[in-house]
Amino acid sequence: MKIHEKYIKRCISLARNGLGRTYPNPMVGSVVVHKNKIIGEGWHQKAGLPHAEVNAINSVKDPALLSASTIYVSLEPCSHYGKTPPCSDLIIAKGIKKVVIGSVDPFAEVAGRGIKKLMDAGCEVLVGILEQECQELNRRFFTFHQKQRPYIILKWAQTADCFIAPADKIKREPVWITNQVSKQLVHKWRAEEQAILAGTNTVVADNPKLNTRLWSGPNPVRIIIDRNLRIPQKSFVLDRSIKTVVLTDPDRAESAGKKSAENLFFEPLDFEEDLALQICKILFKHELQSVIIEGGTQTLQTFIDADLWDEARIFTGKREFGTGIKAPQFFGRLKEETAFTGDNLKIFMND
């Protein structure tokens, strides 16, 4: 069993190369092993491109070895035709008789069908090697398909005395609490997730761009809560450079929707009902598997109070405001703590 774990760990390591680039597909890694030696490996790089198993098999220099090899894959090989042919069919066609799988795929089009197809073809299939680690790797994908909502990451920066903003602001721009290293890390995170959400007060006060200008990677879809459509039209979030979804009062959504243009959409939100749950349903409709909540205390607390969050990433800087807007209140399990040239980062899990 230990030897299987060794190769599944390699699959997980390879799969991580696709973080932020495989949506709506999961991250998957695969290796082909012959006589305890890796002879081929690959990972899924982008939706529409070959899957991990295809890349691993194609990387084998001597195809004659495949029939005497074992293929390892972090997630169950697909069994359906999507943008690419089924990987289970390729494994069978290449004569590979042993398949070791980290986790079953929760996607309804697969969900055990790939395993069944392999077994029906006479393959020896071993499932559940480092299953928890494989599911953790694709926690966004699993959350989306199993809970019908995006994976939710809360993120904020607070001062040493636990304020996220000063009491009064003069200019319409952010008041930075963290340093440049922390800011760049946040932009890296944005490139890894599908969406980013901010509330009206944050956008009006800071005029954020909510993009990845400090990191190389895709921009997340911007989700903006604006009940009365009071965000100034010249705000960066309304510049249509990135797909943006504005959540607003139903009547305003209907009238504004008629004026929708490229990359700018309006969705109705009933502000008298459970906001966090409604937002989750809207994001699910837009097929967004993950979202970073970067709003102010009110927006963040809305998700905390509804118990609709999975991770909380909290920076604490050296500055003190003395007074101002207090940081959100919550309880979670501390997963890790890191220092960034004076800033402190804590990551909590909601489990």
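Residues numbered from 1 in each chain as written. Predicted model: local features only at pLDDT ≥ 70, side-chain atom pairs only at ≥ 80, totals over all residues. Heavy atoms only, no water.

Where we set the bar: UniProt positions are given in the numbering used here, feature names are shortened, and annotations may be inferred rather than shown by experiment.
Looking at an unreviewed UniProt entry, one finds the chain named Riboflavin biosynthesis protein RibD and attributed to Autumnicola musiva. Heading Function (unreviewed entry) of the UniProt record for the chain holds this comment: "Converts 2,5-diamino-6-(ribosylamino)-4(3h)-pyrimidinone 5'-phosphate into 5-amino-6-(ribosylamino)-2,4(1h,3h)-pyrimidinedione 5'-phosphate."

## A few points about the overall build of the chain
What counts is decided by this rule: Secondary structure is summarised from DSSP: a helix means a run of H or I of at least four residues, a strand means a run of E of at least two, and numbering begins at the N terminus for each. The classification of residues rests on relative accessible area computed with a 1.4 Å probe and restricted to protein chains. Under 20% of the type maximum is buried, over 50% is exposed, and intermediate values are partly exposed. Residues are treated as being in contact if the distance between any of their heavy atoms lies within 4.5 Å. Here the Shrake-Rupley method, with its probe set to 1.4 Å, supplies the accessible areas, and only the displayed protein chains count as covering residues. Charged residues are defined here as Lys and Arg on the positive side and Asp and Glu on the negative side; His and the ends of the chain fall outside this count. To locate a charge, take NZ of a lysine, CZ of an arginine, CG of an aspartate or CD of a glutamate.
Helix and strand content of the chain: eleven helices and 16 strands. If one aligns the C-alpha atoms of the chain with their principal axes, the spans along those axes are about 70 × 50 × 30 Å. Taking all 351 residues of the chain together, the buried fraction comes to 51%. A sequence separation of at least 24 residues applies to 69% of the contacts in the chain between residues at least 6 apart. Summed over its atoms, the accessible surface of the chain is roughly 16900 Å², and 51% of this surface lies on carbon and sulfur atoms. Distance from the positive charge centre (48 side chains) to the negative charge centre (41 side chains) of the chain: 6 Å.

## As for helix α6 (residues 139-147)
Regarding α6, the residues found buried are Arg-139, Arg-140, Phe-141, Phe-142, Thr-143 and Phe-144. One or two steps after α6, the chain reaches Gln-148, where phi turns positive at roughly 60°.

## Here we look at the environment of Val-127
Inspection of the secondary structure puts Val-127 in strand β5 (residues 124-127). Overall, Val-127 belongs to the partly exposed group, its relative accessible area being 35%. Considered as a pair, Val-127 and Ala-52 are 75 residues apart in the sequence and their alpha carbons are 17 Å apart. Look past the residues within four positions of Val-127 in its chain and what remains in contact with it is Ile-101, Val-104 and Ile-115.

## Looking at the pairing of strand β13 (residues 311-316)
Cut-off, in case you're wondering: Any two strands with at least two DSSP bridges between them are considered paired.
Burial analysis of β13 places five of its six residues in the buried class, the great majority of the element. Where strand β6 (residues 151-158) meets β13, six bridges bridge the pair, whose relative direction is parallel. Paired with Leu-154 across the bridge in β13 is Ala-312. Both β13 and strand β16 (residues 343-349) contribute to a ladder of six bridges, which runs antiparallel. Counterpart to Ala-312 in the pairing with β16 is Phe-348.

## A few points about the pattern of salt bridges
Put simply, the rule is: Here a salt bridge means any side-chain nitrogen of Lys or Arg lying within 4 Å of a carboxyl oxygen belonging to Asp or Glu.
In the structure shown here, the tally under the stated rule is 18 salt bridges. A salt bridge links Glu-5 to Lys-2; its shortest N-O distance comes to 3.9 Å. Of the two residues, Glu-5 and Lys-2 are both situated in helix α1 (residues 2-15); the distance of three residues between them amounts to about one turn of the helix. Judged by its relative accessible area of 22%, Glu-5 is partly exposed. Where Arg-139 meets Glu-136, a salt bridge forms, and the shortest distance between an N and an O atom there is 3.3 Å. A relative accessible area of 17% places Arg-139 in the buried class. Residue classification places Glu-136 among the partly exposed residues on the basis of a relative accessible area of 32%. Each of Glu-136, Arg-139, Glu-311, Arg-313 and Lys-335 takes part in salt bridges that share partners, so that together they form one network.

## Points about the pairing of strand β1 (residues 29-34)
Counting buried positions over the six residues of β1 gives six, a clear majority of the element. Counting the residues between successive antiparallel strands, the hairpin from β1 to strand β2 (residues 37-43) contains two residues, one of them, Lys-35, with a positive phi of roughly 50°. The sheet contact formed by β1 and strand β3 (residues 70-75) spans four bridges and is antiparallel. In the strand pairing of β3, Val-32 is matched with Ile-71.

## Description of α1
Condition: To estimate the expected span of a helix, subtract one from its residue number and multiply by 1.5 Å. Directions drawn from the helix axis to the C-beta atoms are what define this arc.
With 14 residues, α1 ought to run about 20 Å at 1.5 Å a step, and its terminal C-alpha atoms sit 20 Å apart, in line with that. All of the buried residues along α1 are His-4, Tyr-7, Ile-8, Cys-11, Ile-12, Leu-14 and Ala-15. Along the axis of α1, the buried positions cluster into a sector of 160°, meaning they face one direction only. For α1, the exposed residues set more than 90 degrees away from the buried face come down to Lys-2 and Lys-9. At its buried positions, α1 is contacted by β1, β2, β3, β4 (98-103), β5 and α5 (131-137).

## Quick notes on the sheet that holds β4
Counted only if it meets this: Inter-axis angles, ranging from 0 to 180 degrees, are taken between N-to-C directions of lines fitted to C-alpha atoms, where helices are fitted over the stretch in contact.
Strands sit in the order β2-β1-β3-β4-β5 across an open sheet of five strands; the sheet is mixed. Looking at strand neighbours, the two that pair on one side only are β2 and β5, the edges of this open sheet. Here the strands of the sheet are splayed against their neighbours by 15° on average, with no regard to which way each runs. With four bridges joining them, β4 and β5 adopt parallel strand pairing. Considered in β5, the bridge of Ile-101 is made with Val-127. The sheet contacts of helix α4 (residues 113-120) involve β4 and β5, and relative to β5 the element is tilted by about 150°.

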